[in-house]
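# Observations on the three-dimensional arrangement
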Amino acid sequence: MKITHLKTNHVVNPLGYAIDQPGFSWIVEDTRDMVQTAAQVLVSRDAAFERIVFDSGKIDGSGIDSLAYRPAITLEPRTRYFWKVLVWGETESAESDTAWFETSKTGEPWVAEWITPDCEDNNLHPILYRQFDLPAQVVAARAYICGLGLYRFELNGQKVSDEVFTPYCNAYDRWIQYQTFDITSQLTVGSNLIAVMLGNGWYKGRYGADKGVLGFYGDRFALICELHITLEDGSEVILTTDSAWKAQPSPVLESDIFDGEVVDARISTIVPSPDQTFGVRPVDLDRSRLEARRSLPVCINEEIKPAALIHTPAGETVLDMGQNMTGWLRFRTSAPAGTRIHLQFGEVLQEGNFFRDNLRTAKAEYTYIVDGTGAVVEPYFSFFGFRYIKISGWAGEINLDDFTGCVIYSQMDITGEIETSNPKVNQLIQNAMWSQKGNFLDIPTDCPQRDERLGWTGDIQVFSGTACFNMNSAAFLSKYAYDLGQEQAKTGGMVPHIVPMVNLNKGGSTAWGDVATILPWTLYEFYGDPDILAQQFESMRAWVDYIKTIDEASGGKRLWTEGLHFGDWLSLDDPVHSDPRRGGTPHDFIASAFYCYSAGLVAKAARLLGKTDHADAYAQLSAEIKAAIQTEYFTASGRLAVPTQTAYVLSLFMDLVPDVFRDRVKGDFIARLKQDNVHLRTGFVGTPYVCRVLSAVGANDLAYTLLLNEDYPSWLYAVNLGATTIWERWNSLNSDGSISSTGMNSLNHYAYGSIVEWMYRDMCGLNPTAGEDGVTGFRCARIAPKPDKSLQWAKARYRSAAGMYESGWRIDEAGYLTLTITIPFNASARVVLPDARRGEVTLNGDPLREGEQVGDDVELILSAGRYTFDYCTRQ
């Protein structure tokens, strides 16, 4: 038995995060035992566990849940706590390694003050620094720091941490994150030097909607920092930002999220500068807005080498990375001083030439002026979305070994993998993963390359399930949800179109705004931690109340018939709005459907949180909306009055159909799809659910047909045209490879990658379900794979919060099916064997003696273990 993946609030050994109450999670693996018989959690002030501050005692059964155990403990600021867990199974036990978490300043007042360079040029990128002496050896030291817009932190000439783009992106007008770093090993007896370089970033640079605006959150660079240093004699030194600091120009001449960066390496980063120094002064920023970090580290998580060097028909020199990615290009140069190396970034070639028109006004370029010494170069404060790089000004021959693609995203474990017998489907799966990597850079963005890169709410709402299968997204999306709640505090419950809202003071669109309810519920489903529901409950409720207020003002019909909505964005049916991008399904219907669905989610969350009155009220509201929808949109004979693919999908997925007419609506949906030649007409709203609904209503073969279609519109259409990420549009490129438009056309846009959730849930059958105690997080699962002979095999592995699940199948032309399932320790699953007859199934080579026949399927409850079923279906 082995205990692994110990996390506090879903982060491994978090240092200085926002932790009001720690929640511990872990996974038990490498054991033949099936059930936890007891567990014990210990928390101590020291790693030797001699100063224990909490001991749960050995608690029998599952009284200590590995998904989210919260000890009754009061936390002190700036304190490290160590914890471990002991677990007993039926025959063996294990003790975990020691994990830890360290609190931030919490409620302590700041001693430091915000400072800014004392110079008239607000665009001069500075290095702020201070020299200081330490009389004795350091035994412990922490930095509590925030620099605006972005900061790069060095001590004694060495960068602190491998994080980039600190202090990250959030609603700066509501809260500003500071980070905590352990700097013990970087300090020395005697003279020390702290230096912080500042860049524009999201706070001060060009950012926001409609090409962005400069300095929306602030127009001055600023820094606040406290070093708390404990010496070997027990004394403490506190160094703070104050008037004793100095400043000098940095080599960064320009930096911008959209436009890129210009660096003149002839300007030294060595401080103090022999050429120019100036003082600092206080800057009026509210220190009460400072909060401990919630953002995960953004780092270089992968490196890739160029796939090819291309000399284009236009005479350009272009690197092909072979993969559309987010990050930057690192290069090595020994060019003469003054050489100006210019890199431009793009996603696609056109007629064999470099192309970037779909980036709109974003320059997306990097300029480096060489100082004449050999150097390895990469940006400080900019990132790019790209596959191709046009290189100008390079001295000498280009050697591909001198270039490396640095892939940047928030640090998250990859938790899921799927593989099938179809290489094109496998590429589609990888495309969705790469789009997630490329757009999970601190906030879940729509795209990483053009003049946008915004946290569009609708995109992550539809993709959140796929995101949680692909990666452990709990902490990442919890931070985004927190920001969402902060923005709602300014809008009276309305959910903005983008989070952070920046300069787009608009919101309230159905499906986009419903991220407020769907995202927390998805996180609870996947990770089983009710804290996300507690954190977001008022946000969830405020969104539904906002809709209800509109409903009441328009007559209280329990329908949402007012406002401007995005609709089934970019769908392919005949538009019902003057803006054809807004789809062909009436917005009133979509809005009312999500109104009903969100009210129901608030009711579920309230019940889980013990808020019975709220649970009853919102359940009643949801029931009233459902009744109104049935009256308004279904005829007396059961015909859906909105006969679009998306309307059928929402009606069936959200359980809006009168029970007596459900079979008719299923049939009508299938007829609609066949009328459309079994091709997609859905946009952002309908696409995430279309295959899930088809598999649920007995039309699994049609779901596979949609997956495997290769002509436009389809997922594999893009794969056949060489896509390595998910496109924004079904036809971002035309069939000849030419770009279909440049006004709004990203080649790295994850929304349509939501098909991967169907692959996990239906193709391979992995679904979280609530146990008798209401706990989800895959403590209980429903494993109900739905194979189809259009694929020979498929298999999924998912390291859930409860442990590793596996579900895979292989089927031959005669319909003989082998199904292999793994259920982790202390978990259980209701397994559904599709198209099976109980007396004809073998389990691990022996006749199946368990389970019950339920229609055409056999269902049985299984505990932890590995199982292989063999039988002949009627396919």
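Notes on the structure in this doc start here.

Another point: the nonpolar core. In terms of nonpolar packing, the biggest core is built from 254 residues, with Trp26, Phe165, Trp202, Met759, Met763, Leu833 and Phe869 touching the most fellow members. By residue number, the principal contributor to this core is helix α7 (residues 587-608), which donates 13 residues. Every residue in contact with Phe869, bar those within four places of it in the chain, is listed here: Leu817, Thr818, Leu819, Ile821, Val831, Leu833, Val841, Thr842, Leu843, Leu848, Leu860 and Leu862. If you look at the next biggest cluster of nonpolar residues, it comprises 32 residues, including Ile115, Leu155, Phe181 and Phe221.

So, on to the packing of aromatic side chains. Two aromatic rings, taken as a pair, are described by how far apart their centres are and by the angle between their planes. Counting across every chain of the model gives 52 aromatic pairs. Ring geometry for Phe331 versus Tyr366: centroids 6.5 Å apart, planes at 65°, classification edge-to-face. Placement of Phe331 in strand β28 (residues 317-333) and of Tyr366 in strand β32 (residues 365-369) is noted, with a sequence separation of 35 residues between them. In this structure Tyr366 comes out as buried when scored by relative accessible area, which is 2%. Taking 6.5 Å as the distance between ring centres and 65° as the angle between the ring planes, the aromatic pair formed by Tyr760 and Tyr798 counts as edge-to-face. Of the two residues, Tyr760 is situated in helix α14 (residues 755-763) and Tyr798 in strand β41 (residues 793-800); the sequence distance between them amounts to 38 residues. The same class applies to Tyr760 as to Tyr798, namely buried. For the cation-ring pair, Lys58 lies above Trp88, with the distance from its terminal atom to the ring centre recorded as 4.2 Å. For Lys204, the ring lying beneath its charged end belongs to Phe221, and the centroid distance is 4.1 Å.

With respect to burial, strand β1 (residues 2-8) is a largely interior element, 5 of its 7 residues being buried. As paired strands, β1 and strand β3 (residues 24-29) are joined by 5 bridges and run antiparallel to one another. The residue bridging Thr8 from the neighbouring strand is Phe24, located in β3.

Across the 9 residues that make up strand β34 (residues 384-392), a large majority, 7, are buried. Bridging between β28 and β34 involves 6 bridges; their strand directions are antiparallel. What sits directly across from Thr326, in β34, is Gly385. As judged from the 5 bridges shared by strand β29 (residues 340-346) and β34, these two strands associate in the antiparallel manner. Residue Gly346 lies in a different strand from β34, and its bridge partner there is Tyr388.

Cut-offs used in this document
Residues numbered from 1 in each chain as written. Predicted model: local features only at pLDDT ≥ 70, side-chain atom pairs only at ≥ 80, totals over all residues. Heavy atoms only, no water. Core = buried A, V, L, I, M, F, W, Y, C linked by side-chain atoms within 4.5 Å. Buried < 20%, exposed > 50% of the residue type's maximum accessible area, 1.4 Å probe, protein only. Helix = DSSP H or I, 4+ residues; strand = E, 2+ residues; numbered from the N terminus. Contact = heavy atoms within 4.5 Å. Phe/Tyr/Trp six-rings, centres within 6.5 Å; stacked < 30°, edge-to-face > 60°. Lys NZ or Arg CZ within 6 Å of the ring centre and 35° of its normal. Pairing = 2+ DSSP bridges.

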